[in-house]
Amino acid sequence: MSTLSELIPSGGTQNNIEFVAQGTLANGQTVALRSDGKVEAVSGGLLGSPVTGAEAAVASLSIQQRPVIGYHLASKKVVVFWSGTSNYLYASVGTVSGTTLTYSTPQVITSSHRVPANVIYDPDQEVLIILARDNNTSGYFQAFSVSSDGTLTNGSEVYYTSYGMYIGGFSYDTAANKTVWVFGGSGSGADGYGFAVSMTCSGTTLTVNTSSTHTFASHNTGLSTVSYDPVADKHIIFYGDDSNGTYKTNALTVSGNGFTSGTAITTTGFKGESTSYAFTYDSVAKKHILFVYDGDSPKSSSAVAFNISGSTITYGSPLEYRTSDARYAVGVYDTGADRVIAVSVTSGGAAYWYILTVDNLTLTAATGGTIATSGVSISAGTEGLFLAYDSTTGTVITSYNGASNGPVSRVLKSFETNVASYIGITNAAISSGATGEVAVKGGLSTGGNVLPYSLSFGSSVVFESSSADNVEVVYDSNAQKVVAVYKDSQGYVAGAVGTVNGTSITYGSPVRSTAAGGNFYTSAVYDSSNNKVVVFYRNSSNAYSQVGTVSGTSISWGTAVVFGTANTNDIKATFDSNSNKAVVTYSDAGNSNYGTAIVGTVSGTSISFGSAVVFETSYWSQGSVTFDSSNNKVVAVGKGLSNYGRAIVGTVSGTSISFGSGVTFDTGNTSWTSCTFDSSNNKVVIGYNDGNNSTYGTAIVGTVSGTSISFGTSTVFDSGSSTSYISVTFDSSLNKVLISFKGASSDGFSIQGTVSGTSISFGTAAVFEAAAISWLGSAYDANAQKVVLAFQDTTAGDGESLVVNPTNALTIGSNYFVQDDGTVSTSSSSTKAGKAISTTALNLVDPT
C-alpha cells in the first residue's frame, strides 16, 4: 500500500514537540513557525492598503491575442495561454512570490491557428482545460498538467463542433466531476442557438460528450457565460437573446453526459448591448456575481448578484462600479479576503480594479487600485483583461496585452496569510508565553478539535398535531426529559414530555393545564430544588402560573395561581438556583407597560409570589431573562427606554428582587430578544433583531459586575432581513452558544457561537426546518448532551420538535488541508494537513 506512511505515523508521538506560544492557542489550532522559534496561529487577514505589483512580461512577441490565465492548484503555478506569432497557441508558466511574478520561456503548444477562448481548472484530475478557436471559430479542447517545477504537459487536442462559436464560458461540476462548456453558435438559424456540452477528463485525456450536446436556447444567443452552484448543484447560464435584444438566465442540471434545462427568465436592468460578460462565485455569500459591459453611452462596467434556490433564480439590481468610459468588465472572487475583485478597462487602455462586497443580492463597490495607466489592448481579437486567483499566495493575477511587449501580468494583493509557515497542530490549549505540545508534520494530532463544528439535525417529530403557539421547551433534570410547553388550538396551555435517544426524540401525549380562554405569552422554567416544571401564561382574565410534575412520558398540573392581571404581557421566566426561586419578568400594561418582575416560590404542586417590582420605568417589550450562576444574579433583557436594547441586573432576596440601573446594549429598535448564560466563560449572551442595522440577527456578550452589566462589540449572525423568533441556549458539553431563529426565507435556522472574552464568533448557519416556522424554543438536555428545538411548523400547521447534532468528527481515510485562515477542511489547498486515521486523530503529512 503506497500510502501506508500517511496512515501510520513513523515513531508516533516522537513528532510531538513542545513550543512556546505567541498568543493564546486553542486545542486543535493549526500553527505556523515564527522566525524566533515560537509558534503562532495560522491566520489570514485584510491588508490595510491593497497592493498592486509591478508589470511582469510573459513574452515579447509582435502578435498576441487573448492571453487567458488559469491557476493550477496542485503545482501552485499560474499559466497564461495566448495566440502569438503565426497565430500559434503559446503558453508560459508563472510563479508568484509576494507581489512579484516570474514566467518561464514561452513554448508553442499548437503550430496551427488557435485563439484561446477560456480556461478552467479540474480539481479532480489536477489539470487545466482550455478551449481555443481556429480561424473558422471551430473549437478545440485540450488538457494540461503542470509539475511542481513548472513543466507543462499537454494532452491531445479534441476537435469540437460543426458550428462556429462565440466566446462562451466554463464551469466545473464538483458533484458529477464534469467540465461544462456553454456557447452561442456564430451561424444563423439553428447554428446560432445556445449550446452546452459536458466533458470528462482522465489525466490529460479529454472526452467531450458531443452526442449529448444540449440546446439551451432555440434562438441566436451570441455571447454566453456560466457559473456552477455547489449547493443547488445547478449551472447558471447568462446569455443574450438576439431575437429581441434581451438577456436571459437559466439553470442547467447535468444528467448523465447531457443536461436538463429549467425555465429561462429575462434579466433586466442593463443599459444596452454588451460585448463582454463573465461570472464568478462568492463561496461565503453563496452568490454568483455577473460582470457586464454596458455598451450604451456613457459606457459602464456593471456587476449583479445572482442566487439560485432549487431551480429558481433571483438577482439584484446591477451596480455600475465604473460609471463612464468603460470598455470591459470582468471579476474574480478572492477567497482569502472574502472580496470580489472587479476590473474595468477604459478606451485609453487604462485598467482599474475595484473591491465589491456582497450583502444578500446587494453589491457595493470601493476603489481598489490601478492596474495600468495605459496600454491595455482590448481591440477586436485581443478582447480584454483576464483574471485568476492564486489561493497559495492569496493574490489575484491579471493577464492582458501590453502596449508593446506582448502579454503581461500583474499581482493584486489585498489579503495576507502565514499558512506557508504551517508546521503542525496543537494537541492541547497553550496560553500565550507558555510551553505546550504541537504535533508537527509527520506526527499525530489527537486533540480531537481539528475541525470546526457543523450542525446536523435529527428528524422532526410532531408533539402537537394541531396548532402550537407560544412554544417553549424546558429540561427536567430529575426525570431526564424535555417538556414542550405551548398554547394549543383550543387556547389551553399544554405540555408534552419528550425523551431524547441519540439524535431522535419521542413524545408522550400532550396534557392540558386547567386554565383555558385564549392563553398566550407562555414561558416555562425548571425548578431544580423541587424537581418541578413551572409554566407562566396569561389569558383574557389574569396571568397565571402552574406547577407541573413529570412522570414517565406524561405531566400533571397543579392548581393555577394568579400572579398578575390581564394586562400582563411579554412574560418570560428563569430559575435562580442560588435562592431556589422562579423569577418572572413582564410588561405591565396596567402600569404604563413598565418592565416588571416578581419572585415565585414553589411548594409541592403549587406556587406563591412576592410583590411585583418595576425594573424599567419605560415601555418594556420583546423581553427575555436568564440567571448568571457565577454572580448569582438575574439578568433581564429586552426593548426598553427609547426602544433601545436594554439589560438590567437583579438580585433575589427572600421573595423579593431588587435591580441595578438599566444599561443600553444597542441603540437600535431591537426586537425578538433572547438570552442565555455561558457558564464556561461566565458571560451573558443576547441574540436579537437589530432594527438599526437592516433588522439583521445580532448577538452581543455581556459581563455582570455587581449590580451592573457591560458589553463587548455586537456581531451579526444572520444578514438576511427580518430575523425573528430568536431562541438562544448554551450547550455545556461543547461550551458553545446555539442561536436558532426564523430566517428571511421563513425557514428555521441554527448557528453555533463561540464566546472569547467579550466577543462572540459564529460558524455557518444550517437549516433545521425547510418550511415556514414560528414560536421557537430551545433547551439543553444534559443527560443526552444535546439541544432540543420545539417550534410551530406553520406550513404543516402543527407543533414539531427535533434534536440538534453538532459534530466535528473527522472522516476516516479523508485528506484534510489547511486553509489560508488556519482552518482545516477537505477543500483542496496548497497546504495538506494529513489523513484522518480515526474520527479524532489526524496523521500529519511529513514534508519530506
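Residues numbered from 1 in each chain as written. Predicted model: local features only at pLDDT ≥ 70, side-chain atom pairs only at ≥ 80, totals over all residues. Heavy atoms only, no water.

1. With respect to the overall build of the protein
- Along the protein, the regular secondary structure elements total one helix and 79 strands.
- Rg of the C-alpha trace for the protein: 31 Å, near the compact-globule value of 29 Å for 848 residues, within the 12% margin.
- Structurally, the protein occupies a C-alpha span of about 95 × 70 × 45 Å along its principal axes.
- A separation threshold of at least 6 residues defines the contact pool for the protein, and within that pool the share at least 24 residues apart is 51%.
- Total accessible area on the protein is roughly 30,200 Å²; 43% of this is exposed by carbon and sulfur atoms.
- Mean positive and mean negative side-chain charge positions of the protein (36 and 55 charges, respectively) differ by 2 Å. (Helix = DSSP H or I, 4+ residues; strand = E, 2+ residues; numbered from the N terminus. Rg over C-alpha atoms; globule rule 2.2 N^0.38 Å. Contact = heavy atoms within 4.5 Å. Areas by Shrake-Rupley, 256 points an atom, 1.4 Å probe, with all protein chains shown as cover. Lys, Arg positive; Asp, Glu negative; His and termini not counted. Charge placed at Lys NZ, Arg CZ, Asp CG, Glu CD.)

2. Comments concerning the sheet that holds strand 77 (residues 824–825)
- The strand order 40-79-78-76-77 describes an open sheet built from five strands, whose pairing is antiparallel. Each edge of the open sheet carries a strand with a single partner, namely strand 40 (444–445) and strand 77.
- Note: strand 76 (residues 815–818) against strand 77, two bridges, orientation antiparallel. By the bridge assignment for strand 77, Val 818 is matched with Val 824. (Pairing = 2+ DSSP bridges.)

3. Section: the sheet that holds strand 31 (residues 330–334)
- The four strands lie next to each other as 31-32-33-34, forming an open sheet whose pairing is antiparallel. Looking along the sheet, the strands with just one partner apiece sit at the ends: strand 31 and strand 34 (362–372). The sheet shows a mean angle of 25 degrees between the axes of neighbouring strands, direction not considered. (Axes fitted to C-alpha atoms, helices over the stretch in contact; angles between N-to-C directions.)

4. Comments concerning the pattern of salt bridges
- Tallied over the entire structure, the rule returns nine salt bridges.
- Of the charged contacts, one joins Arg 34 and Asp 36 as a salt bridge, the two residues approaching to 2.9 Å between their closest N and O atoms.
- Under the relative-accessibility criterion, Arg 34 is labelled partly exposed at 27%.
- The partner of Arg 646 in a salt bridge is Glu 616, and the shortest N-O contact between them spans 2.8 Å. Of the two residues, Arg 646 is situated in strand 60 (residues 645–653) and Glu 616 in strand 57 (residues 613–619); the sequence distance between them amounts to 30 residues. The pair formed by Arg 646 and Glu 616 is uniform in burial state, with each residue classed as buried.
- Within this structure, Arg 34, Asp 36 and Glu 40 form a network of salt bridges that share partners. (Salt bridge = Lys/Arg side-chain N within 4 Å of Asp/Glu carboxyl O. Buried < 20%, exposed > 50% of the residue type's maximum accessible area, 1.4 Å probe, protein only.)

5. Some thoughts on the pairing of strand 71 (residues 759–762)
- Taken together, the four bridges between strand 70 (residues 748–756) and strand 71 define a ladder with antiparallel strand orientation. Residue pairing for strand 71: Val 755 is matched across the bridge by Ile 760.

6. Structural notes on unusual backbone geometry
- For the peptide bond that leads from Ser 297 to Pro 298, omega is 15 degrees, which places it in the cis range.
- Looking at the secondary structure, you find Pro 298 in the loop between strand 27 (287–294) and strand 28 (300–309).
- Even without glycine at this site, Asn 593 takes up a positive phi of about 60 degrees.
- As for its position among the elements, Asn 593 is in the loop between strand 54 (581–588) and strand 55 (594–603).

7. With respect to the packing of aromatic side chains
- This structure, assessed with the given rule, holds 37 aromatic pairs.
- Look at Phe 463 and Tyr 507: their rings are 5.5 Å apart centre to centre, the planes differ by 45 degrees, and that puts the pair in the tilted class. Of this pair, Phe 463 sits in strand 42 (residues 461–464) while Tyr 507 sits in strand 46 (residues 504–507), and the two are 44 residues apart along the sequence.
- Take Phe 463: its relative accessible area is 3%, and that puts it in the buried class.
- Overall, Tyr 507 belongs to the buried group, its relative accessible area being 17%.
- Positioned over the ring face of Tyr 140 is Arg 114, at 3.7 Å from the centre of the ring. (Phe/Tyr/Trp six-rings, centres within 6.5 Å; stacked < 30°, edge-to-face > 60°. Lys NZ or Arg CZ within 6 Å of the ring centre and 35° of its normal.)

8. Focus: the side chain of Thr 267
- As for its placement among the helices and strands, Thr 267 is situated in strand 25 (residues 265–267).
- Within the structure, Thr 267 has its side chain in polar contact with the side chain of Thr 249 (distance 2.4 Å).
- With sequence-adjacent residues up to four places away left out, Thr 267 is seen in contact with Phe 238, Tyr 247, Lys 248, Thr 249, Phe 306 and Tyr 315. (Polar contact = N/O pair within 3.5 Å; in protein donor to acceptor, adjacent residues only side chain to side chain.)

9. Concerning the environment of Thr 585
- Tracing the backbone shows Thr 585 in strand 54.
- For the pair formed by Thr 585 and Ile 648, sequence separation is 63 residues and the distance between their alpha carbons is 11 Å.
- Those residues in contact with Thr 585 that lie beyond four places of it in its chain are Asp 570, Ile 571, Lys 572, Thr 596, Ala 597, Phe 615, Val 625 and Ala 636.

10. Topic: the confidence of the model for the protein
- Averaged over the protein, the pLDDT score is 89; the fraction of residues at 70 or greater is 95%.
- A low-confidence stretch, residues 1–12 stays under pLDDT 50, and its non-local contacts, those more than four residues away or across chains, total 19 contacts. (pLDDT = per-residue confidence, 0-100.)

11. Describing the environment of Asp 469
- Along the chain, the position of Asp 469 falls in strand 43 (residues 469–476).
- Contacts of Asp 469, omitting those with residues within four sequence positions, involve Tyr 486, Lys 487, Trp 775 and Gln 792.

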